[in-house]
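Each chain, letter by letter, is given below.
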Amino acid sequence: MDDVRARITKDGIRIYEDADFAGMRTAGRVAAEILDAVVPLVVPGATTGAIDDFITEEIRRRGVTSATIGYKGYKHASCISVNHVVCHGIPGAPIPMSKSETISRDLEKRRKDDVLRDGDILNIDVTVIVDGWYGDTSRMYVAGKPSPMAARLIEVTHEGLMRGIAAVKPGNTFGDIGHAIQAYVEAQRMSVVRDFCGHGLGRVFHAPPNVLHYGRAGSGPVLEEGMFFTIEPMVNLGRPETNVLADDWTAVTRDKSLSAQFEHSVGVTATGCEIFTLSPAGKFHPTWG
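What comes next is a walk through the structure. All values derive from a computational prediction rather than experimental measurement.

**Some words on the environment of Asn 123**
Mapped onto the elements, Asn 123 comes out in strand β6 (residues 121–130). When the C-alpha atoms of Asn 123 and Lys 112 are compared, they prove to be 20 Å apart, with eleven residues separating the residues in sequence. Excluding anything up to four places from it in sequence, Asn 123 contacts Cys 79, Ile 80, Ser 81, Ser 138, Arg 139, Met 140, Gln 261 and Phe 262. At a separation of 3.4 Å, a polar atom in the side chain of Asn 123 contacts the main-chain carbonyl oxygen of Arg 139. Within the local environment of Asn 123, its side chain forms a polar contact with the backbone oxygen of Gln 261, the two atoms lying 2.7 Å apart.

Right under this line is the structure:
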């Protein structure tokens, strides 16, 4: 795309051309295919390090580039966030103790490694660069059988994402997206994380706008055909506050309640939006497929 001729809105949001949708379509599909391939690996006894190794090899095998390896010093092809890790969990690192493990008297249950246990829920986030276009997506997985509350959290988070996507069309605002997500999630007595948001992308990893997953209907920049961005709500069973650990990456719920996240990359069309990161195998939700 000719950057000299590209149109930028007053809010700093790039407007892409019709031809650019093809590049995002390809990048999004590759990212989604990689996450499809991960599904059989997420089982009790697996390690997050081995899952990331597989993702790294898949990216290499496909001849594309990881957007996260080397990004601000990050060393991995994915982020893997387990249980109460909200986002940016580091593969191979010991999994922070969850609320139940913290209060457990059984010291053997305390996390000292990155091994998944029965009932763990995890978000895996992958971004690839294909011919200069960025495909960014994440989804939830379950090792074994989730608890009823964990399963409910996953369902609410997915529905929140889809309600946000349903609000994407020219003439609506970014506030309409956030309001749709927040209103639904809070009606389920869960909370939307405020500390992290979606973002513009295309031929760059992160760009305006910040896509908040909460807000007031009718507020914020107006959506226009040709805008590309992610919607990636993080939903907590408890309160919305987070803490970032000493590694400067891993964000956890402050109250150690479970957290879940789903992410799609989308483009605004004349009548609504196109989702670039749909699962080709129909496995975007962990109970599907």
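Having seen the structure, we can now continue with the description.
**Points about helix α4 (residues 148–166)**
The end-to-end C-alpha separation of α4 is 27 Å, in line with the 27 Å expected for 19 residues at 1.5 Å each. Those residues of α4 that fall on the buried side of the exposure criterion are Ala 150, Leu 153, Ile 154, Val 156, Thr 157, His 158, Gly 160, Leu 161, Gly 164 and Ile 165.

**Brief notes about the pattern of salt bridges**
For the structure on display, the rule yields twelve salt bridges. Of the charged contacts in the structure, one is a salt bridge between Asp 36 and Arg 139, with a shortest N-O distance of 2.7 Å. Note that Asp 36 is positioned in helix α1 (residues 20–38) and Arg 139 in strand β7 (residues 133–142), a separation of 103 residues in sequence. A residue is classified by how much of its surface remains accessible, and Arg 139, at 0% relative accessible area, is buried. With a closest N to O distance of 2.9 Å, Glu 159 and Arg 163 form a salt bridge. One end of the pair, Glu 159, and the other, Arg 163, are both in helix α4, four residues apart, so they sit about a helical turn from each other. Salt bridges here are not isolated pairs; linked through shared partners, they connect Arg 29, Glu 33, Glu 58, Arg 61 and Arg 62.

**A closer look at the side chain of Thr 250**
In this structure, Thr 250 sits in the loop between β13 (242–244) and β14 (251–253). With relative accessibility at 6%, the residue Thr 250 sits in the buried group. One polar contact links Thr 250 to Asp 247, side chain to side chain, over a distance of 2.7 Å. Residue contacts for Thr 250: discarding those within four places in its chain leaves Val 85, Cys 87, His 88, Gly 89, Ile 90, Pro 96, Asn 243, Val 244 and Leu 245.

**Section: the sheet that holds strand β12 (residues 234–236)**
Taken in spatial order, the three strands make up an open sheet running β8-β12-β15, and their pairing is antiparallel. At either margin of the open sheet sits one strand with a lone partner, and together these are β8 (191–192) and β15 (259–261). Relative to β15, β12 runs antiparallel, the two sharing three bridges. Note that in β15 the partner of Asn 236 across the bridge is Ser 259. The sheet strands contacting α4 are β12 and β15, and the helix crosses β15 at an angle near 35°.

**Overview of the packing of aromatic side chains**
One pass over the structure, following the stated rule, counts eleven aromatic pairs. Both rings, one in Phe 21 and one in Phe 228, keep their centres 5.0 Å apart while their planes meet at 90°; by these two values the pair is edge-to-face. Taken together, the residues Phe 21 in helix α1 and Phe 228 in strand β11 (residues 228–231) connect sequence positions 207 residues apart. A residue is classified by how much of its surface remains accessible, and Phe 21, at 6% relative accessible area, is buried. Arranged with centres 4.9 Å apart and planes meeting at 65°, the rings of Tyr 74 and Trp 249 form a pair that is edge-to-face. In this pair, Tyr 74 sits in the loop between β3 (65–66) and β4 (79–82) while Trp 249 sits in the loop between β13 and β14, placing the two residues 175 residues apart along the sequence. Note on Trp 249: relative accessible area 22%, which makes it partly exposed. Site record: aromatic cluster; members linked through ring pairs are Tyr 16, Phe 21, Trp 133, Phe 228 and Phe 276. Positioned above the aromatic ring of Tyr 214 is the side chain of Arg 194, whose terminal nitrogen or guanidinium carbon lies 4.8 Å from the ring centre.

So, how was this worked out
Residues numbered from 1 in each chain as written. Predicted model: local features only at pLDDT ≥ 70, side-chain atom pairs only at ≥ 80, totals over all residues. Heavy atoms only, no water. Helix = DSSP H or I, 4+ residues; strand = E, 2+ residues; numbered from the N terminus. Contact = heavy atoms within 4.5 Å. Polar contact = N/O pair within 3.5 Å; in protein donor to acceptor, adjacent residues only side chain to side chain. Expected span 1.5 Å × (residues − 1). Buried < 20%, exposed > 50% of the residue type's maximum accessible area, 1.4 Å probe, protein only. Salt bridge = Lys/Arg side-chain N within 4 Å of Asp/Glu carboxyl O. Pairing = 2+ DSSP bridges. Axes fitted to C-alpha atoms, helices over the stretch in contact; angles between N-to-C directions. Phe/Tyr/Trp six-rings, centres within 6.5 Å; stacked < 30°, edge-to-face > 60°. Lys NZ or Arg CZ within 6 Å of the ring centre and 35° of its normal.

Honestly, it's all geometry; don't read function into it.
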